[in-house]
Structure formats: C-alpha cells, structure tokens
Amino acid sequence: MSSNRFRGGPNKGGPRRQENNRIYRYPLPLIFSDSPPSRVRSILGLLGLSLNQVLNPNCEGYYDVSTRSVWIVTQRDSEILWRRGFFGKGNLSRSEPSWFVRQMKDRKSKGSMTSEEVREKRRADRKQFKLDRAAAIAKVAAEAETIFETEGRVVVPALFGPEIPSGATWKPSTVEPEADAGLEQEQSGDAKDTETKEEPEEEPLEDMEHLQLTLQEAFFLAWNLDCLSILDPDTDEPLSLSEIWMTFQQVYLAPPIPNSPPPELQFDNPFLVHYAAYHHYRSLGWVVKSGLKFCVDYLLYKRGPVFTHAEFAIVVCPVYEDPQDQEISTTQLQNSSPFTWSWLGTINRANSQVMKTLILAYVTIPARSRVSRSVLNSPACFAHYSVREVIVRRFIPARMRD
Amino acid sequence: MDDNLEQPNAEAKPLLGNEAEEEDQSSGDDDEGPDWTKLMPASSRPIIPKRGDKEFEPLKQGGSGLQQHILLRSRNAMFEALRATRTISNKTVSYGTWHPTLARVSVAVPRGTSMNNVGHTVPREMVMPDGTMKTQKRLELLPEEGVYLIERGSLMCWKEYTIEYPNDGTFESVTGIPMTVQQAYTEMIGTEDLTMDRYQVYAYLKRLGYSVTRSKPPNAFYPVAGLYPPSMSALSSSYILQRIFSTFSSWISGIFSPLFSRAFDWWRPLRINRWLRSEKNHSFMFRSLRFIPSGHKVPIHSHTETTSPYEPFFNLYKPPTPFKKSAPPPPDYQMVVVNARTTPMPSLSELTAIYDNAPELPLPLPRVRNPSQIQGVSYKKNAAGANIPLESRTTKETITPSMTIGAANGLMPSWFSSRTSAPSKQNERRVNPFAVLRQGTKTAIVATVDAGTINIFRFAQGAFETGPWY
C-alpha cells in the first residue's frame, strides 16, 4: 500500500521518516495534555498522580446506511482520525484522503508527488525496463544465432549478465542530469496549458472528499474512546451509544417489515463477529486495515501503513459453538465452513508472495443454548465471544532436514 | 524486492533477514523435474535456466537451428541417463515373505543400511524344520516399509504359500511365490490402514532421509515413541516464581482495586482515572481495551466430534536425529495425511485436539546465519543451547529452556503484566518478535495429497494475546 514509498528497514532514518514519526506520533485519537513543569506537578509525580488531562478531539461523522459506513466530512476530523491511528480511508483516494492535495498540486504543479503519482511513475519505469530487457535478450540471442550459423560454435544465449539490464543496473533511458527534473518540466508544461485555459475561471477549490469509516472502526471510536459522535443523516442529531449498537447490528439483519417489531438480534451477526476480531487486534496495538486486496479480511500493520508493510493477513473464521445454531441461522456467515484445500493454498500463496503471514482468526459464536440472547442488547455480549489464532504456513520437508 | 521479481535467472536469491525466512514459503526446487544434463560429464553440460522467462521467442525470419541444437543435446542427455542399467549389489539385498493374513513382510535375510530404520521385531509361533512349534522373534515390516523397499530394489519379496513346491536351493531361507513390484503395490496398499495417499507421503519423506514410523502402534509389539519431556514451562523454577509473584500481585491488586476502579461498565469500557499518572498513557489505554476473551486457553464450549480424520498418522525423525528403532525417541514432528479432494481443512476443534497432544515449542532462536532452520522448529531446540550463536550467549538472559512462550503465558492473564513481565520482555528483544508470533506455541502438520501431488501445511497455535504488542 502506501508504504511502498518507504523502502528500507524500519530503522532507516531520513527526513521523511522523521517527519512521519512526528505526524503520526499518536497511536490513538485521545491524547494527553502536557502541562508545563512546576513544583506542584513534580510533587504529584512523586506520588504517582498527575494533573494532565485527556484531550478528546470529539469528532463527528454521519451514518450512511447504503454504504454501511460512517462519513467524516470535515477536514479537521478526517486528519485527526487518519493521523492518530490510521482510521478510515478517503473515498477518492487509496488510503489517506489526498484528493484535495492532488487537485491543488495539479493547479500549482509543484510540491512533492502524491503516493498515487509515485505509483504511476514506478509503473511506467517498470514497463520500460521490461521492454529494454527484452530487447537486450533478443539482441544477445541474435548474436548467438549468427555465431552458430557462421562459425558453427554453440553459444548458449544468456538471459542475464553484463549486457542485459537487471532491476539493479537498469536506469531510465532518458538519462538526463536529473530524471526528476525532466518529469517536472513535463508536468509544468501540462500545467501551463491547463492554467492558461482555466485561468479565467479559476475558482476556490472545494474539498469533495470524505473519510469513510467502517462500522467496526466507527464503533471502536465511539464506544471505547468516546471520541466520535455519529449523527443521523436525516435529523442531524447524534445517535446515543445504544442506538448505534442496535443500528449497526440491524443493518446486517433482514430489512424491517413495516408495522412489525424489528427482527430479533442474533449471535452470528457479521458486525459482532468482525468487531470482536477488529477490537482484539486493535487492543493489542496493531493498526488494522482492510485486507480485501489480499483475499483476507484484515491486514495488521505495526505502527501503521506509512511505516512498514503489513506483517500479517487475517481471515476471520467464525465458529459456531453449537453446530445446530448454524443450521437454523438465516445469516450466511462468510468463512464459517472450512475452506477447501485449494482455496487455503490460494490465500496462502497470495500472501506469502507479498511477505505476509496468513492467520486464521477463529471467533467463537456463543451457543443459544448456553447464553441468553438478551445479552445482545449491550456490548456485554462480547464477554461470551472469543478470538484465537491459527498461523498457516507451508511445511517443506526438503528444507527442514537438519 | 522488485529487483528479485525482475530477474529471470536461476541464481539463488541473496537471502537477507526477513526475506530469507519468507523464502521458505515459495516453491522450491523440489517441485521440479530433474535436470538430466547434470548427470552428464561436466564438460558436455549445457546450462539451462531452471525457471524464469522463456529462453527465446521464435524469430520472424526463422532461426538457424541453434535452439533446436541445444534442446536436442539436453534431450539426449536424458535418454543417456535413463538407458543405463540399474544394478544393485547382492550384499545389500534383503529377502522377505509377505504374509497377507498378518499384513506384514517377515524378513528372513536383513541386509544393507536401508534396514537400519525400518521394521520391528515380533515373537511369532513358527514351525521348526523338525515339525515342532516354537515362538521365535523375527523382523517384520509394515506394508509401507515393504512396498518402499521393494520399489527401491532393496528387498526381494515372496508371497507366503501353503503348498510345498520344490525349492531349488537358491534361496534356502525363503519359500513362496516371488512377487513383482506391481503385485506388492496392489496387495500391500490397503492393508493395515495404509492408503495410497499415505504411502506416497511415506515414500516422499523416506527419500528425503527422514525416519518415519506410525504414530499409533499397529500392534502390541510395535515400539512406542518416547514421550515428550514434560512441558518446560510447568517445571522451571522461574515459572514457579512467576506464578507466586503473579498470584501475589493479583492478591494485592484485589485489595486495592476497589479503591481506584469501579465495576467494569460495558457501555464505557475505558475509564481513565483523573489523578493517576500511570493511567495517562496509550499503553494503559490499549491494556484496558483487552477485555474480549482471546487465546487458545479460553475453553471452546462445543461438543467434541466423534471421529476426526485429523489424527497424527506418521512420526517423523529428521536425518540427524539419533534413531534407535527398538526404542524411538519422541518424534520431531507428527504428521496427519488426508486426501485433498475429499477431506476439508481441519476445523478449530480438530486442530485443538491435535494441539492438546503436541509439545510446546520453545521461543525461536535469534536470527542465525543459515536461515533454513527457522521455519521448522521442533521441540528439541529446547536443548539446542549449542546452536545459539556466541554473541547472544554473552548475557545470561538469552534463551534458556524455561523461557518458552508458555512461561510468558503464565504471566499474561492479569493486565498488570506490564510490570511483572520485565524479564521476559528483555528476553524477547533478542529474538525477532514477528518470528515469535509466526512460530506460535504448538504446531500441527497436515500433508494433503491430490492424485500423487503432496502439499504440506503447518497450522501453528497462535498466541497474539501474549504480546509483543505495538
């Protein structure tokens, strides 16, 4: 993901890294005030007491039924939630909401490249590299053919070597003193065109992007940290915590029938199962992001996506304590039946190829016979769920003989 | 990393740090066919890239035949290698008799090193030459051992036959009808729980040099593998100290906690005391959020299934493990063999059943030069003090057998562990924390077989809840 920008190990310094350490220094949106040193403070400190206050950013977001997400529309709140714990995703960006910055850059055509642009440039470079390499290989092969034809000598054409560029030796062919300068020129050229066109109708740019939180993220922030109020989009009124609790469950149940009581709450609600896993890994300090691009439910980052690549890929596997509950359930809970071996192999291959370890996170669903469904009226029901991991790797006997 | 993807060559990738470890996951050379040209004398050996892009693409004007020539040369090398007559020394051939009713091969003449780690002795009633019955010990092979030795040319096998037929005196000690390899396959596979899938896994492991025995003794005389040493964590003195300490600290906190904290409110899980400095930091916040039950110690309230296909079938001993066939040591690994098409992957309760009988793994060793060891840690690494590089032995707090993850487990149940776990944290700094999480505490190995293709998975019992946390 966006961490591609940061090659090299976690201990590598550099101005960019230091800046990231500064920007992303808080792991959670709640922070603590830092009162200036004083005598009172140092005495209290000796007693293990302190006057520092918890600073709650009190963010606001709108609940959106159709996308099952919570939208953070103000730039201040988006920035806080992204920078302190990497919550959410910009709806017009890959991860960090950077649409506005990209637009501004397009207008001004200066400043650093956004991560999307870095990626585009990398792709173009890679394509060119492959073309160059193919050409070099073809050239060597043609030479070998000629030698065989004329002298009858067999020279096996090389696929690598001094004449053939590799990822390490290849340089962009437009080698000017500064490759970036060329690129920038090009861009500024473009920008000039647009500027001349648009200059008469230059208007202030409005940020069209919002940060969207999954329901798990939103509930984590609203419930545990109490730093997010979720507003009803129709009334603009904040929902109470118990309303949020009910709403987030009901959105996964069958649509309500008019003039009838709302559907009964279920233990195997996908919101509850995924929340249990999400909360578990968040509480262990991992930054948990969606793993859809890697065939899994979640990715675990140490500190966050701008610092390192994700280390673990989590598949949430719900397990019914009582198999009968599964039979009578109306919910088609994903991954609640064992995978076929081919599918397990598929996920494992996809993830080990990108240096991630596949984890099956089993979430047990309490049996109806054991626990009354009335506990579902409050988050106290989480005491009856449990999360445990199974780590999947291939075992290759040929490599483990000693 | 991109660079490695780009190179279409057969050079071994430089193994560095994390990558080296991950390398174990990618498909290895063992997945490919043999390189026949290696069997030719070195001078005439062409170089063929083992993997990567196609070596050449057809030209528009047509080539000069160089590629044809190279291809032909390699193909001839293969035929040359296959044409050679297979021979075997008379001194290394054993003679045996297949007893269909017993599902065993009795070995009359054991010869050669291949007999060192197969077979077991069983007392049987036997007819002596003078017609009397006498109980005598003899060496017997399980069906998989029989088929494997026959196929490899180390055993000549006769089928037991009741009718006397003239023995010309060549093989005095063996009587019966000579068996072919095909006959051995058809008759022996299917007996004594041996399926084709299991035989294929057995033969694969044997060819790699492992000693392989049955996990469940097929009869009373089959030697039983030694027991695993009792869980290291339960015995070590430091563990007991930790137990005392943790009960003591929970007792203390039991007295004081009512003073400071209220009852847990499920609608407001995070409470930060206005006054206490120790609660005004992020690690306290994370710690107080760890209230969802987690880890394999939490009981699963579910009914155990009656029969599970996931019972360990083979015990594996790595080639360097000293193996005595009459008294085998505790196995390095236990392996389940299933058919990939008919058996779905194990459920949580099936995995738990395997973990219940598996030994606890020690913490992984600090990163070593030769990373091939990292992936497979057997219980024996406990005693592998000698393997620890010198530099890490300079401090006393490096890996001692007592410092297993299990020992750390004992500390964790209380949320006050940040204070009590100081020694184990220091310990963990030496090993890569990701390696600790990746390895897990126990392991279950499942070989899946699909029409002769074997793929083996390792399901490790994870312990994320024991930290390290970020």
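Residues numbered from 1 in each chain as written. Chains lettered and ligands numbered in written order. Predicted model: local features only at pLDDT ≥ 70, side-chain atom pairs only at ≥ 80, totals over all residues. Heavy atoms only, no water.

Labelled according to an unreviewed UniProt entry, chain B appears under the name tRNA-splicing endonuclease subunit sen54 N-term-domain-containing protein, originating from Rhodocollybia butyracea.

As recorded in an unreviewed UniProt entry, chain A goes by the name tRNA-splicing endonuclease subunit Sen2, listed as coming from Rhodocollybia butyracea. You can read under Sequence similarities (unreviewed entry) in the UniProt record for chain A the words "Belongs to the tRNA-intron endonuclease family." (UniProt positions renumbered as here; feature names shortened; annotations may be inferred.)

This part takes up the overall build of chain A. When helices and strands are tallied, chain A shows 11 helices and 12 strands. Accessible surface for chain A amounts to roughly 20300 Å². Of this, 53% is attributable to carbon and sulfur atoms. (Helix = DSSP H or I, 4+ residues; strand = E, 2+ residues; numbered from the N terminus. Areas by Shrake-Rupley, 256 points an atom, 1.4 Å probe, with all protein chains shown as cover.)

One ladder, built from five bridges, connects strand E12 (residues 386-394) of chain A with strand E11 (residues 453-461) of chain B; its direction is antiparallel. By the bridge assignment for E11(B), Val390(A) is matched with Gln461(B). Inspection of the sheet shows strand E10 (residues 442-450) of chain B paired to E11(B) by nine bridges, in the antiparallel sense. Residue Ala444(B) lies in a different strand from E11(B), and its bridge partner there is Phe459(B). Taking the residues between adjacent antiparallel strands as the criterion, E10(B) and E11(B) are bridged by two residues, where Ala451(B) takes a positive phi near 50 degrees. (Pairing = 2+ DSSP bridges.)

Another aspect to go through is the UniProt feature "domain: tRNA intron endonuclease catalytic" (unreviewed entry) in chain A. The sites that carry the UniProt feature "domain: tRNA intron endonuclease catalytic" (unreviewed entry) are, in the present numbering, residues 271-363 of chain A. Annotated as 34% helix and 26% strand, the span residues 271-363 of chain A places its first and last C-alpha atoms 12 Å apart.

We now examine the UniProt feature "domain: tRNA-splicing endonuclease subunit Sen54 N-terminal" (unreviewed entry) in chain B. Sequence positions flagged by UniProt for "domain: tRNA-splicing endonuclease subunit Sen54 N-terminal" (unreviewed entry) are, in local numbering, residues 79-158 of chain B. For residues 79-158 of chain B, the end-to-end C-alpha separation is 33 Å, with 18% helix and 41% strand making up the annotated structure.

Moving on to the nonpolar core. For soluble globular proteins, the rule of thumb is that nonpolar side chains tend to be buried together. The biggest cluster of nonpolar side chains holds 72 residues, and the ones touching the most others in it are Leu213(A), Ile230(A), Phe248(A) and Tyr281(A). Excluding anything up to four places from it in sequence, Tyr281(A) contacts Trp286(A), Val288(A), Leu300(A), Ile314(A), Ile359(A), Ala361(A), Val387(A), Glu389(A) and Phe464(B). (Core = buried A, V, L, I, M, F, W, Y, C linked by side-chain atoms within 4.5 Å. Buried < 20%, exposed > 50% of the residue type's maximum accessible area, 1.4 Å probe, protein only. Contact = heavy atoms within 4.5 Å.)

Next up on the list: the UniProt feature "active site" (unreviewed entry) in chain A. Residues and elements named next belong to chain A. Residues annotated in UniProt with the feature "active site" (unreviewed entry) correspond here to Tyr301, His309 and Lys356. Look at the named residues: they lie 56 residues apart in sequence, but the longest C-alpha span between them is just 10.5 Å, so in the fold they bunch up. The residue Tyr301 is located in strand E9 (residues 298-301) in this model. In this structure Tyr301 comes out as buried when scored by relative accessible area, which is 2%. Along the chain, the position of His309 falls in the loop between E9 and strand E10 (312-320). Residue His309 is classed as partly exposed on the basis of its relative accessible area, which comes to 34%.

All names here are of chain A. Taken as a whole and assessed by the stated rule, the structure comprises 20 salt bridges over all chains. Taking the shortest distance from any N to any O, the salt bridge between Glu117 and Lys105 comes out at 2.8 Å. Separated by 12 residues along the polypeptide, Glu117 in helix H5 (residues 115-151) and Lys105 in helix H4 (residues 99-108) bring together distant segments of the chain. It is possible to trace a salt-bridge network through shared partners that takes in Arg119, Glu120 and Arg123. (Salt bridge = Lys/Arg side-chain N within 4 Å of Asp/Glu carboxyl O.)

Turning our eyes to something else, we now look at the sheet that holds strand E1 (residues 94-99) of chain B. All names here are of chain B. If you trace the six strands from one edge of the open sheet to the other, you get E3-E4-E2-E1-E5-E6, paired in mixed fashion. Of all strands in the sheet, those bounded by a partner on one side alone are strand E3 (120-127) and strand E6 (177-178). The sheet contact formed by strand E2 (residues 104-109) and strand E4 (residues 133-141) spans three bridges and is antiparallel. Within E4, the residue paired with Ser106 across the bridge is Glu140. Along the sheet, helix H4 (residues 143-151) makes contact with E2, E4 and strand E5 (155-159), crossing E4 at roughly 60 degrees. Relative to E5, helix H5 (residues 181-188) is tilted by about 60 degrees, and along the sheet it contacts E1, E2, E5 and E6. (Axes fitted to C-alpha atoms, helices over the stretch in contact; angles between N-to-C directions.)

Here we come to the sheet that holds strand E6 (residues 211-214) of chain A. Residue and element names in this part refer to chain A. Strand order in this open sheet of five strands is E5-E6-E4-E3-E7, and the pairing throughout is mixed. Two strands lie at the open edges of the sheet, namely strand E5 (89-90) and strand E7 (228-231), each paired on one side alone. Along the sheet, helix H3 (residues 75-83) makes contact with strand E3 (59-64), strand E4 (69-72) and E6, crossing E3 at roughly 95 degrees.

Residues and elements named next belong to chain A. Interaxial distance between helix H7 (residues 215-225) and helix H9 (residues 270-283) falls to 9 Å at its minimum, and their mutual angle equals 65 degrees. Regarding H7 and H9, the two cross each other, and that crossing is right-handed. Contacts between H7 and H9 involve Leu215, Gln216, Glu217, Phe219, Phe220, Trp223 and Asn224 from the first element and Pro270, Phe271, His274, Tyr275, Tyr278, His279 and Arg282 from the second. Grouping the amino acids of the contact of H7 with H9 by side-chain chemistry returns eight nonpolar, four polar and two charged. (Left-handed = near helix turned anticlockwise from the far one by under 90°. Nonpolar A, V, L, I, M, F, W, Y, C, P; charged D, E, K, R; others polar.)

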